[in-house]
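Fold and geometry: a report
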Amino acid sequence: MNLNQTKPLELIEVRVGKLLAARKLTVAAAESCTGGLVLHRLTNVAGSSAYVIGGFVTYSNEAKIKFAHVSETTLAQYGAVSEQTAAEMARGTRAAFEADLAVSITGIAGPGGGTVAKPVGLTYIGLSTATGEQVSRYFWGGNRTQNKTYSAEAALQLLFTYLTEGALDPTP
């Protein structure tokens with residue numbers, strides 16, 4: 001036995017899953033730029049059916065409106081990639097699935113689609129709980145695959161932080 005070996009850290013989706021299961025909480029997700037990557041990672045964990053209810057890939061504005069219950073007014077005023085849209089996506093998805101928690105991700109993965117005001121890599125990640133909502137803004141500098149990976153990781157980290165600290169951060 002080699003005493004110098006260290007046990008590798010568990011993947012964040014495993015740690016989130018253990019916390020959700022232990023607290024008997026459920027989660028849903030509305031994903032745009034990540035295309036289902038967060039739910040993919042959560043459901044890669046054995047036993048995830050105990051806490052993952054479901055989710056939406058709301059890539060188009062029409063899907064955001066129909067499934068995640070984002071208002072047309074919000075999309076017209078702030079755009080699909082905005083704090084307001086991320087908050088409504090999380091809130092609407094939590095309500096649609098009657099989940100305890102819901103995460104949302106909306107952003108510009110690239111390589112195209114960016115503007116000066118909203119460059120490639122800009123991403124908003126929302127969390128809706130029974131006690132409130134939080135949206136965090138990120139700017140990733142990677143390629144499309146990296147930006148999707150960073151966004152999914154940040155969404156899982158947001159869930160983990162909420163589950164370990166028990167409160168929403170008023171200033172993300």
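Placed above this text is the structure.
A short tour of the structure in this document, coming up. (Residues numbered from 1 in each chain as written. Predicted model: local features only at pLDDT ≥ 70, side-chain atom pairs only at ≥ 80, totals over all residues. Heavy atoms only, no water.)

So, the overall build of the protein
Spelled out, the test is: The secondary structure listing takes helices from DSSP runs of H or I that are at least 4 residues long and strands from runs of E that are at least 2 residues long, numbered from the N terminus. This radius of gyration counts C-alpha atoms alone. The globule rule is 2.2 Å times how many residues there are, raised to the power 0.38. Burial here depends on accessible area, computed with a 1.4 Å probe over protein chains only, as a share of the maximum for the residue type. Under 20% is buried, over 50% is exposed, and the range in between is partly exposed. In this analysis, two residues are considered to be in contact whenever any of their non-hydrogen atoms come within 4.5 Å of each other.
A tally of regular secondary structure across the protein gives 6 helices and 5 strands. Taken from N to C terminus, the helices and strands of the protein fall in the order α-β-α-β-α-α-α-β-β-β-α. Whereas a compact globule of 172 residues would reach a radius of gyration of roughly 16 Å, the protein reaches 16 Å, a difference of no more than 12%. Projected onto its principal axes, the C-alpha coordinates of the protein cover approximately 60 × 35 × 30 Å. Put simply, the protein has 172 residues, and 46% of those count as buried. Looking at the protein alone, contacts between residues at least 24 apart form 63% of all its contacts between residues at least 6 apart.

Brief notes about the packing of aromatic side chains
Between two aromatic rings, the relevant description is the distance of the centres plus the angle of the planes. Using the following cut-off: By convention, a stacked pair of Phe, Tyr or Trp rings (six-membered ring in the case of Trp) has centres within 6.5 Å and planes under 30 degrees apart, an edge-to-face pair has planes over 60 apart, and any other such pair is tilted. Remark: a charge is flagged as sitting over a ring if the NZ atom of Lys or the CZ atom of Arg is within 6 Å of the ring centre and within 35 degrees of the ring normal.
Taken as a whole and judged by the stated rule, the model has 4 aromatic pairs. Considering the side-chain rings of tryptophan 140 and tyrosine 150, the 5.6 Å spacing of their centres and the 55° angle between planes classify their relative orientation as tilted. With tryptophan 140 in the loop between β5 (132–139) and α6 (144–165) and tyrosine 150 in helix α6, this pair connects stretches of sequence that are 10 residues apart. Judged by its relative accessible area of 15%, tryptophan 140 falls in the buried class. Residue classification places tyrosine 150 among the partly exposed positions, given a relative accessible area of 36%. The rings of Phe56, Phe67 and Phe97 are connected pair by pair, giving a single aromatic cluster. Between arginine 15 and the ring centre of phenylalanine 160, over which it is positioned, the NZ or CZ distance is 4.9 Å.

Let's talk about the pattern of salt bridges
Our working rule: Counted as salt bridges are all cases of a side-chain nitrogen of Lys or Arg within 4 Å of a carboxyl oxygen of Asp or Glu.
In total, this model carries 4 salt bridges according to the counting rule given. Close ionic contact of lysine 18 with glutamate 10 constitutes a salt bridge, the shortest N to O distance being 2.3 Å. With a shortest N-O distance of 2.5 Å, glutamate 133 and arginine 91 are connected by a salt bridge. Note that glutamate 133 is positioned in strand β5 and arginine 91 in helix α5 (residues 83–97), a separation of 42 residues in sequence.

Some thoughts on the pairing of strand β4 (residues 122–129)
Keep this limit in mind: Strands are treated as partners if at least two bridges between them are detected by DSSP.
β4 sits mainly inside the fold: 8 of its 8 residues count as buried. Neither face of β4 is open: one carries Leu122, Tyr124, Gly126 and Ser128, the other Thr123, Ile125, Leu127 and Thr129, and all of them are buried. With 6 bridges connecting them, strand β3 (residues 101–107) and β4 associate as antiparallel partners. Paired with serine 104 across the two strands is glycine 126, which belongs to β4. In this sheet, β5 lies alongside β4 in antiparallel orientation, the contact comprising 8 bridges.

Here's the deal with the sheet that holds strand β1 (residues 27–31)
As a reminder of what qualifies: The axes are straight lines fitted to the C-alpha atoms, using for helices just the contacting stretch, and the angles between their N-to-C directions are given from 0 to 180°.
Across the sheet, 5 strands lie side by side as β2-β1-β3-β4-β5; this open sheet has mixed pairing. For this open sheet the edge positions go to β2 (52–57) and β5, each flanked by a neighbour on one side alone. Each adjacent strand pair in this sheet contributes to an overall mean axis angle of 15°, direction not counted. Note: β1 against β3, 5 bridges, orientation parallel. Its bridge partner being in β3, valine 27 is matched across the sheet by leucine 101.

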